[in-house]
Every structure is written in structure tokens, then in C-alpha cells.
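If you want the building blocks of each chain, they are given just below.
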Amino acid sequence: MDEPAVNETTAAVEPVPPTPGLRQDLAVLMKVRLNFFILITTFFGFVLAMRGSDMQWMKLLHTILGTAAAAFGSAAFNQVMEIDLDARMKRTADRPLPSRRMDPVVAFGIGWVLSAIGIIHLAAQVGNLAAYLAAATVFIYVCIYTPMKRFSSTNTLVGAITGGIPPVIGWVGGGGAIGWQAWFLFGLLFFWQLPHFIAINWLCREEYESVGYKMWSNGDLTGRKSGLLSAMFALMLAVFSLMPAFLKNTNLLWTIIGPLLAFMMMALALKFARDGERTSARRLFFFTLIYIPVSFLVLVLAWKN
């Protein structure tokens, strides 16, 4: 009896990717990678406030822990509020809530517990002002920015406000007052975030448009609008970077390198505006990531309290 013929056209079965475990799901729910930059700016804000004094390492640790808990909690709230939209986008459909690996009630509870712990910890171990700033950040991010994404493109400006507060939390945690130095740290992060967010929005614009998010990059097929907006905000960042020099709070190192970094960002944004290539948008995005640690390292070396 003949052997059965082998069907050579049968496609190989692709392996099913492993299901993320609880640890991975919690990391996604709390947006640990994204919030890492928040903790970096909080750290540098604290270090700048302590410049020229003995570093209070335990207080720095408490400032970081409290800020981290509040940031992780607000990220959980954000995803609870956007389950329906996340489920419709390829880049977010596998998050623990839209994929139904985690109960929304559990995620809501995690958000409450982490936010409360963060704010209370800051109040008890760092100071009331740091706690008030953290509470304001959670409120703006969850109650204003998150729902605003559905009906107004100015949500990007509101989101930039929440990202500008963490270095101020670090600053007051290190003993700094709410003066022009605190406003400078806030403004530096505020203007930086706008090209950063615009690059992300343009790269993901098709998915954002498909679910109804209102973003500046919606409909911008050529990238010209997004690139020019990014260049404009990078120019504002360059001019704003000169503020400490005029107030004699930094030396020549920051006066040269601070604006130079912003002008480099502007050049990348203008290139993106000219060619509208995804590669150019990615280069702008990755440069914004590099900008934060480099600029703050230079700022620490140049800072004078």
C-alpha cells in the first residue's frame, strides 16, 4: 500500500508568542519605561536644589519613591479610562486591560493605592509642597489630559504641563523654593515635551485618527505641519534655555550647550518638515530622548545656587 502523499504546500505553523506574566503586565499598566524619564527629571531637580550642599540621600530616595508611586498610579488610571480605545489600536491592543488579562476593577484599585501612597509618602517624608505638586500632577493627567485627548488637540499642551512638574517636585524636595529656578525647570521640560510628543503623534497618527484621538498631527500626511510645529517649540526651548545665563545662575558651559542642544533639535525638526520621512521623525524622537539626560548633566555641571 502506497504511503500518503505529503502536501508540500502546507504552510509552517507560526509559534504563538508567550502570554505576558503578571510582572510584565504590571510594568505595562504602570508605564514603567515611560515614567523612567519622569524619575530622571525628579532626580536632577533634587540634585540641582542641593548643589553646593551636602547631599541628603535618604530624602532623595523618598522623593523618588513618592513621585514614582504617584506616576505609576496615574498611568494605571489612564489605561482604565482608555480600555475601549486601546483595544482598537494594534500598538496597545495587547495591554493587560484591553486583552482582558487584568480586571479593570483591579487596575483601578492599583491606581488608587499607588497614587495615595505616593502623595502621602511625599507629605510624610519630603514635605507638603512636594505632595501638593504630585497630587496636582495626578489630577491634571487623569481628570483633564486623558479625557481631553478625545475632543481637543490642545491636550498636548496640557500633557506637557504634567510632564513639567516632576523636576519641580525634585527641586522642592531638595529644599528649593518656588522661584524663578523652579519655573525654569518646569519650562525646560514643558518646551522639550512638545517636539517629543509631536514626533510620536505623527508616527502613530493613523491609529490615533482611527480611534478618534484629536492630535495636531492628524491629517498631516506630508509631515510639514508637524515638523514646523516641532521646530517652533525647539526654537522656544533654545531661547528659554538662556534664562539662567541672564540671571547668572549658570556658567558659560550651559549658556553654550543648552541652546545648542535645542538648535540641534530644531534642525532635525526642519529636516522632518522638508522631507516628511518616517526616518526623520524617528531621528527627531530619539534625539528628544537623548536631550533629557545630556542637558541635565550639563545643567548640573554649570549650575550655581
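Predicted model only: the values in this text are computed from it and were never measured.

### Things to note about helix H8 (residues 166–173)
- Burial of H8 is extensive: 8 of the 8 residues sit out of reach of the surface.
- Along H8, the residues classified as buried are Pro-166, Pro-167, Val-168, Ile-169, Gly-170, Trp-171, Val-172 and Gly-173.
- Along its buried surface, H8 packs onto helix H2 (32–49), helix H3 (57–81), helix H6 (128–148), helix H7 (155–164) and helix H9 (180–203).
- Positive backbone phi, at 100 degrees, marks Gly-175, one or two positions downstream of H8.

### Focus on the pattern of salt bridges
- Using the criterion set out here, one finds 6 salt bridges in the structure.
- A salt bridge links Glu-82 to Lys-149; the shortest N-O distance between them is 3.0 Å. In this pair, Glu-82 is assigned in the loop between H3 and helix H4 (83–86) and Lys-149 in the loop between H6 and H7, connecting sequence segments 67 residues apart. As far as the burial class goes, Glu-82 and Lys-149 line up, both buried.
- We note a salt bridge from Arg-150 to Asp-84, for which the minimum N-O separation is 3.2 Å. Taken together, the residues Arg-150 in the loop between H6 and H7 and Asp-84 in helix H4 connect sequence positions 66 residues apart.
- Arg-150 sits in the partly exposed class, given a relative accessible area of 34%.

### Remarks on unusual backbone geometry
- Its identity as a non-glycine residue notwithstanding, Lys-31 has a phi of 50 degrees, on the positive side.
- Residue placement: Lys-31 occurs in the loop between helix H1 (22–29) and H2.
- Taking relative accessible area as the criterion, Lys-31 reaches 15% and is therefore assigned buried.
- Here the phi dihedral of Lys-248 falls at roughly 55 degrees; this positive angle occurs in a residue that is not glycine.
- Its place among the elements puts Lys-248 in the loop between helix H12 (243–246) and helix H13 (252–275).
- Overall, the relative accessible area of 70% leaves Lys-248 in the exposed class.

### Focus on the packing of H9 against H13
- For the pair H9 and H13, the least separation of the axes is 12 Å and the interaxial angle reads 20 degrees. Classified by the interaxial angle, the pair formed by H9 and H13 is roughly parallel. In this structure, H9 meets H13 at a crossing whose hand is left-handed. Taking contact as the criterion, the partners of Phe-184, Leu-188, Trp-192, Pro-195 and Trp-202 in H9 are, on H13, Trp-254, Met-265 and Phe-272.

### Let's talk about the nonpolar core
- One finds Tyr-291, Phe-296 and Leu-299 to be the most contacted residues of the largest nonpolar core, which totals 67 residues.
- With 15 residues, the next largest nonpolar core counts Leu-29, Leu-39, Ala-107 and Ile-110 among its residues.

Rules used throughout
Residues numbered from 1 in each chain as written. Predicted model: local features only at pLDDT ≥ 70, side-chain atom pairs only at ≥ 80, totals over all residues. Heavy atoms only, no water. Buried < 20%, exposed > 50% of the residue type's maximum accessible area, 1.4 Å probe, protein only. Helix = DSSP H or I, 4+ residues; strand = E, 2+ residues; numbered from the N terminus. Contact = heavy atoms within 4.5 Å. Salt bridge = Lys/Arg side-chain N within 4 Å of Asp/Glu carboxyl O. Axes fitted to C-alpha atoms, helices over the stretch in contact; angles between N-to-C directions. Parallel < 35°, antiparallel > 145°, perpendicular 65-115°, else oblique. Left-handed = near helix turned anticlockwise from the far one by under 90°. Core = buried A, V, L, I, M, F, W, Y, C linked by side-chain atoms within 4.5 Å.

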